[in-house]
Number of protein chains: 2
Amino acid sequence: MSAPAWKKIHDHVLAKIRAGRWVEGDRVPSEAELCERFGVARMTVGRALRELVAAQVVVRVKGAGTFVAPPRHHATVVEIRSIADEIAASGRRHETEVLLLEKSAADAALAVLMGVKRGARLFHSRLLHRDDGVPRQLEERWVNPALAPDFLAQDFTRTTPNEYLTRAAPLEQVEYGIEARQPDAETRRRLAMGRDEPCLLLRRRTWSRGRVASAARLWHPGNRHQFTGRF
Amino acid sequence: MSAPAWKKIHDHVLAKIRAGRWVEGDRVPSEAELCERFGVARMTVGRALRELVAAQVVVRVKGAGTFVAPPRHHATVVEIRSIADEIAASGRRHETEVLLLEKSAADAALAVLMGVKRGARLFHSRLLHRDDGVPRQLEERWVNPALAPDFLAQDFTRTTPNEYLTRAAPLEQVEYGIEARQPDAETRRRLAMGRDEPCLLLRRRTWSRGRVASAARLWHPGNRHQFTGRF
DNA sequence: GAGTGGTCTAGACCACAAT
DNA sequence: TTGTGGTCTAGACCACTCC
């Protein structure tokens, strides 16, 4: 029925700080003081305070004490799931049309993007994702054959590049950018977009074993797609 | 010099899982087994495993055991910092121009957005953020006076609404959406944008003490702004 | 030197799951 | 019934900070 002792201490300290009774830089009672105040062992108090450190509510300095941390950085964290997951989670039907799946050679720009030599062989795919039949994402992707040799053999109407690459090349690092862009005529046509409608573009590069595994551009119709969430 | 015992156990288990030696659903050795294996007390093993739970690497079931968690959802996580922080972090100069700072009354749409009655009093601001003199963000914001009564008295050339609101109304929940949009003529002019250039729009609502504290629309020129990052 | 946090031990009692 | 994790105690040693 009742909460664990460490949780009570945790909540007690958190409440004081949230209520503004203790503010940034103030010293929080020491472990010894809290032990006496709550009648518990030091390990129990330690656990409570460790959880507050993890939550960035306090900072602890060995030999000095425990202090209220600066108010948390007020950043918005946006989680972008794969289009297939997102559509499936909404209970709608996800379909993929493979527009292109081929070998290609790196031109100057691609060579820089993929970290390979000019003329190096790359895999290249262009997929159209539909949501209950409505175009929702045009995915253009280049893949390093050394890291994902079976890329061209995948059936992307049944799996997604994302899923295959996650299995084939363990993810080490991701770089991304979100922009608003006017699409070219081909993209506009594929996504069935109106004349002045802009695209929401997500660029993403992934690294595996120290090399660029994949570079993708995900184009979304501006009036039919948003990256959303709450927390 | 040497890492704490709990950290060694933590890393040992993590390495096994990362290497694929133990996969989703596999049973991880019990606390008792790890105690013997590493020659430590149970509390020490417990701490190692608790950290792995926090990292969503394992799940623990009382009475049953510790198991490898499903591989983490392969989503892209985008962190959007406040424009002032972002510019300052780049070592450039951030300036704010206050275009508007006033009381207003909620129309039908705003009443729904802010969760107040039609005609209720709201605070309204429109700020232009510049990056070394170049317009980078047009911020339009409505604020619930009950939660941030001193909003109109702030000097937003010195602080930001974000900073003030963080102090005044402790953040409970955030809802956001990112879209690509054509700006209206006024926005295009303020952001010094070209004719066909789209905007990257971030909408955000924040809750405090169970009520909507603030609703904002942050407009960014599509060719001068991206949400970027890597991890 | 006194106070503080970081870590660790060797027990213990409990709730719960599998058998 | 046995094994599991969740919690807790009453000590301990150490490294560090502040005075």
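Reference entry: report on the structure contained in this document. (Residues numbered from 1 in each chain as written. Chains lettered and ligands numbered in written order. Predicted model: local features only at pLDDT ≥ 70, side-chain atom pairs only at ≥ 80, totals over all residues. Heavy atoms only, no water.)

1. Let's talk about the overall build of chain A
Convention followed: Starting at the N terminus, helices and strands are each numbered in turn, a helix being any DSSP run of H or I of at least four residues and a strand any DSSP run of E of at least two. Radius of gyration means the value over C-alpha atoms here, while the globule rule gives 2.2 Å times the residue count to the 0.38 power. Throughout this description, buried means an accessible area under 20% of the type-specific maximum (1.4 Å probe, protein chains only), exposed means over 50%, and partly exposed covers the range between.
Of the regular secondary structure elements, chain A holds seven helices and eleven strands. Taken over the C-alpha trace, chain A has a radius of gyration of 25 Å; the compact-globule value for 231 residues is 17 Å, which it surpasses by more than 25%. The dimensions of chain A, computed from C-alpha atoms along their principal axes, are 70 × 40 × 35 Å. Out of the 231 residues belonging to chain A, those deemed buried represent 44%.

2. Quick notes on the protein's contact with DNA strand D
Rules: The near set for a molecule or strand comprises every residue that places at least one heavy atom within 4 Å of it. By the criterion applied in these results, polar contacts are pairs of N or O atoms within 3.5 Å in which, for protein atoms, one can donate a hydrogen and the other can accept it, and in which residues neighboring in sequence qualify only through two side-chain atoms.
Taken together, 24 residues lie around DNA strand D, and A:Ala5, A:Ala41, A:Thr44, B:Arg42 and B:Arg60 are the ones closest in. For DNA strand D, the fraction of protein-proximal atoms (within 4 Å) that sit in sugar or phosphate groups is 59%. Contact distances for DNA strand D include 2.7 Å between a phosphate oxygen and a backbone N or O atom of A:Ala41. B:Arg27 has a polar side-chain atom sitting 3.5 Å from a phosphate oxygen of DNA strand D. Take the surface near DNA strand D: its biggest share by element is four residues, from helix H3 (residues 42-54) of chain A.

3. Quick word on helix H3 (residues 42-54) of chain B
All names here are of chain B. To keep things clear, this is the line we draw: Here, expected helix span is obtained from the residue count minus one, scaled by 1.5 Å. Read the arc as the range of directions from the helix axis to the C-beta atoms. By definition in these notes, contact holds between two residues if any of their heavy atoms fall within 4.5 Å.
The terminal C-alpha atoms of H3, which comprises 13 residues, lie 18 Å apart, in line with the 18 Å expected from a rise of 1.5 Å per residue. The complete set of buried residues in H3 reads Val45, Gly46, Ala48, Leu49 and Leu52. The arc that holds every buried residue of H3, seen down its axis, measures 165°, which confines them to one face. Along H3, exposed side chains directed more than 90 degrees from the buried face belong to Met43 and Ala54. Here the buried face of H3 lies against helix H1 (5-18), helix H2 (31-38), strand S2 (58-61) and strand S3 (65-68).

4. Concerning the pattern of salt bridges
All names here are of chain A. Threshold: A pairing counts as a salt bridge when a side-chain nitrogen of Lys or Arg comes within 4 Å of a carboxyl oxygen of Asp or Glu.
In the structure shown here, the tally under the stated rule is 30 salt bridges over all chains. The shortest N-O distance in the salt bridge between Glu51 and Arg47 comes to 3.4 Å. Of this pair, Glu51 and Arg47 both sit in helix H3, four residues apart, roughly one helical turn. Among the ionic contacts, a cluster of salt bridges with common partners joins Glu31, Arg42 and Arg60.

5. Remarks on the sheet that holds strand S2 (residues 58-61) of chain A
All names here are of chain A. Here is the rule: By the convention used here, strands pair only if DSSP detects at least 2 bridges between them.
The strand order S1-S3-S2 describes an open sheet built from three strands, whose pairing is antiparallel. Two strands bound the open sheet, and with one partner strand each, they are strand S1 (27-28) and S2. Relative to strand S3 (residues 65-68), S2 runs antiparallel, the two being bridged by four bridges. Each residue of the ladder has a partner; that of Val61, found in S3, is Gly65.

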